[in-house]
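One letter stands for each residue in the lines below.
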Amino acid sequence: MASIRDLKKDINFVLGDIIEAVYFWEATSNSKDSKEGSKIIDSAIATFDELIAKVNNKDVDNRSKHLTAVRTELETKATELVAEINKLG
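Residues numbered from 1 in each chain as written. Predicted model: local features only at pLDDT ≥ 70, side-chain atom pairs only at ≥ 80, totals over all residues. Heavy atoms only, no water.

Caption draft 1: Local environment of the side chain of Thr-47. Summarising the element assignment, Thr-47 is placed in helix α2 (residues 35–56). Non-local contacts of Thr-47, meaning those with residues more than four positions away in its chain, are made with Leu-15 and Lys-77. (Helix = DSSP H or I, 4+ residues; strand = E, 2+ residues; numbered from the N terminus. Contact = heavy atoms within 4.5 Å.)

Right under this line is the structure:
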């Protein structure tokens, strides 16, 4: 089950990097605790919770297809969050 562990790590690292990018933007633009940054961080945390819950869901017909769909959803949502970060600066 190394692929499940790797998927969980990928979710953690990708969304953690997005949150770190928001903090970096806030630090470099002197916009501490900005509403836009907080919105992106909250969205990243909600996405993390949602994706981890989906990975932990074992009541699916085809687990392999389910995990592939979760990975695809991670890529899609991470791309959307990065686009929001790019709009900030």
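What follows picks up the thread again.
Caption draft 2: Region of interest: α2. A rise of 1.5 Å per residue sets the reference length of α2, with its 22 residues, at 32 Å; its end C-alpha atoms lie 32 Å apart and thus fit the reference within 8%. Listed as buried for α2 are Gly-37, Ile-40, Ile-41, Ala-44, Thr-47, Leu-51, Ile-52 and Val-55. Seen from one end, α2 has its buried residues packed into an arc of 125°, which puts them on one side. Every exposed residue of α2 that faces more than 90 degrees away from the buried side is listed here: Lys-35, Lys-39 and Asp-42. (Expected span 1.5 Å × (residues − 1). Buried < 20%, exposed > 50% of the residue type's maximum accessible area, 1.4 Å probe, protein only. Arc of directions from axis to C-beta.)

Caption draft 3: Main features of the nonpolar core. Within the largest apolar cluster, 21 residues are counted, with the highest numbers of intra-cluster contacts made by Ile-11, Ile-18, Ile-40 and Val-55. Mapped onto this core, the elements with two or more residues apiece are α1 (2–28), α2 and α3 (63–88). At 8 residues, the largest contribution of residues to this core is made by α1. If we ignore the near neighbours within four places in the chain, the residues touching Ile-11 are Phe-48, Leu-51, Ile-52, Val-55, Val-70 and Leu-74. (Core = buried A, V, L, I, M, F, W, Y, C linked by side-chain atoms within 4.5 Å.)

Caption draft 4: Region of the structure containing the pattern of salt bridges. Per the stated rule, a full pass over the model turns up 5 salt bridges. Glu-50 is the salt-bridge partner of Lys-54, the closest N and O atoms lying 3.6 Å from each other. In this pair, Lys-54 and Glu-50 are both assigned in helix α2, 4 residues apart and thus about one turn of the helix distant. Its salt-bridge partner being Glu-50, residue Lys-77 comes within 2.9 Å of it at the nearest N-O pair. Taken as a pair, Lys-77 in helix α3 and Glu-50 in helix α2 lie far apart in primary sequence, 27 residues in all. Each of Glu-50, Lys-54, Glu-73 and Lys-77 takes part in one network of salt bridges that share partners. (Salt bridge = Lys/Arg side-chain N within 4 Å of Asp/Glu carboxyl O.)

Caption draft 5: Expanded view of the packing of α2 against α3. At a closest axis distance of 10 Å, the pairing of α2 and α3 adopts a crossing angle of 175°. Taken together, α2 and α3 sit at an angle that is classed as roughly antiparallel. Within the contact between the two elements, α2 uses Glu-36, Ile-40, Ser-43, Ala-44, Thr-47, Glu-50, Leu-51, Lys-54 and Val-55 and α3 uses Arg-63, His-66, Leu-67, Val-70, Glu-73, Leu-74, Lys-77, Leu-81, Glu-84, Ile-85 and Leu-88. Across the contact of α2 with α3, the residue classes tally to 10 nonpolar, 3 polar and 7 charged. (Axes fitted to C-alpha atoms, helices over the stretch in contact; angles between N-to-C directions. Parallel < 35°, antiparallel > 145°, perpendicular 65-115°, else oblique. Nonpolar A, V, L, I, M, F, W, Y, C, P; charged D, E, K, R; others polar.)

Caption draft 6: Layout of the environment of Ser-43. Within the secondary structure, Ser-43 is located in helix α2. Taking the C-alpha atoms as reference, Ser-43 lies 23 Å from Ile-4; in sequence the two are 39 residues apart.

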